[in-house]
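Secondary and tertiary structure notes
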Amino acid sequence: MNTDKNANETTSNAAASATTSGNALQAVLTRSAEAETCADPSSVMTLLGESSGAVGFTSYRSTFATGAVGAPSHFHTKATELFFVISGSLQVLVDEEVKVLNAGDFLAVPPHTPHAFAAAPGCEADVLFVFTPGMDRFDYLRLLGRVLRGEADPKEIAESSERFDNHYVDSPVWREALESAKAEAAKPANANSEAKKAEAAK
């Protein structure tokens, strides 16, 4: 397995082979054992395939730990983002509505639509993402991984918004959903703590 620290040649070569030649696109094949991964404390992103140009794409798979937060509220001006939940449940903001996607569910978010996502409360999630056009987003995912691990300055994300077509916006609806999920996750821990105190007092 390769990580973004190793400048994965296989993924890069697959992406390069997918560039347009006249009007023809070449097939992109990434073997599971050769796929580059980017990791942060709560998720692992497996970079599957990418091609540039107006009809290009970026595809990757993310596995989220229980309650892991994915992307904050943002939108794209050019790209449509596709979500397919392989297993678990993903909580997603679409404009001003919060939805839960379960295994087998599919969602397409068009340009200029604010959206955000996280593992649904109390759940893990395994999700396939596709962007079209791709806009060399693997570089963004590598940067994101470095920032989340403390290896790069967070301001680099803001500075890359035009390059990668990621535009972050505030969403009170999403903030409330995350706060609610955090409070819900804390309940069992608090209940166990109270039960232990009661038991000790006997």
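There is about 390 Å³ of room inside the largest pocket. For the largest pocket, the lining is made up of 25 residues, of which G70, A71, F117, Y140 and L144 are closest to its centre. Of all the secondary structure elements, the ones that give two or more residues to the lining of the largest pocket are β3 (43-51), β4 (57-64) and α2 (138-148). If one sorts the elements of the lining of the largest pocket by residue count, α2 sits on top with 5 residues. Grouping the constituent residues of the lining of the largest pocket by class yields 15 nonpolar, 7 polar and 3 charged. Approximately 150 Å³ is the volume attributed to the second largest pocket. If you go around the second largest pocket, the residues you meet are G67, V69, Q91, A118, A119, P121, G122, L178, A181, K182 and A185. Going through the elements one at a time, β9 (115-119) and α5 (172-201) are the ones with two or more residues in the lining of the second largest pocket. For the lining of the second largest pocket, the element with the highest residue contribution is α5, accounting for 4 residues. Across the lining of the second largest pocket, the residue classes tally to 7 nonpolar, 3 polar and 1 charged.

What follows concerns the nonpolar core. One finds F64, F83, L90 and F117 to be the most contacted residues of the largest nonpolar core, which totals 30 residues. When contributions to this core are tallied by element, the ones reaching two or more residues are β3, β4, β6 (80-94), β8 (106-109), β9, β10 (125-132) and α2. With 5 residues, the next largest nonpolar core counts L93, A116, A118 and A177 among its residues.

How each quantity is defined
- Residues numbered from 1 in each chain as written.
- Predicted model: local features only at pLDDT ≥ 70, side-chain atom pairs only at ≥ 80, totals over all residues.
- Heavy atoms only, no water.
- 1 Å grid on protein atoms, 1.4 Å probe; cavity = no way out; pocket = protein on both sides within 12 Å on 5 of 7 lines; lining within 4 Å.
- Points joined across faces, edges and corners; volume = space filled by probe spheres on them.
- Helix = DSSP H or I, 4+ residues; strand = E, 2+ residues; numbered from the N terminus.
- Nonpolar A, V, L, I, M, F, W, Y, C, P; charged D, E, K, R; others polar.
- Core = buried A, V, L, I, M, F, W, Y, C linked by side-chain atoms within 4.5 Å.
- Buried < 20%, exposed > 50% of the residue type's maximum accessible area, 1.4 Å probe, protein only.

Remember, this is a structural readout, not a statement about activity or role.
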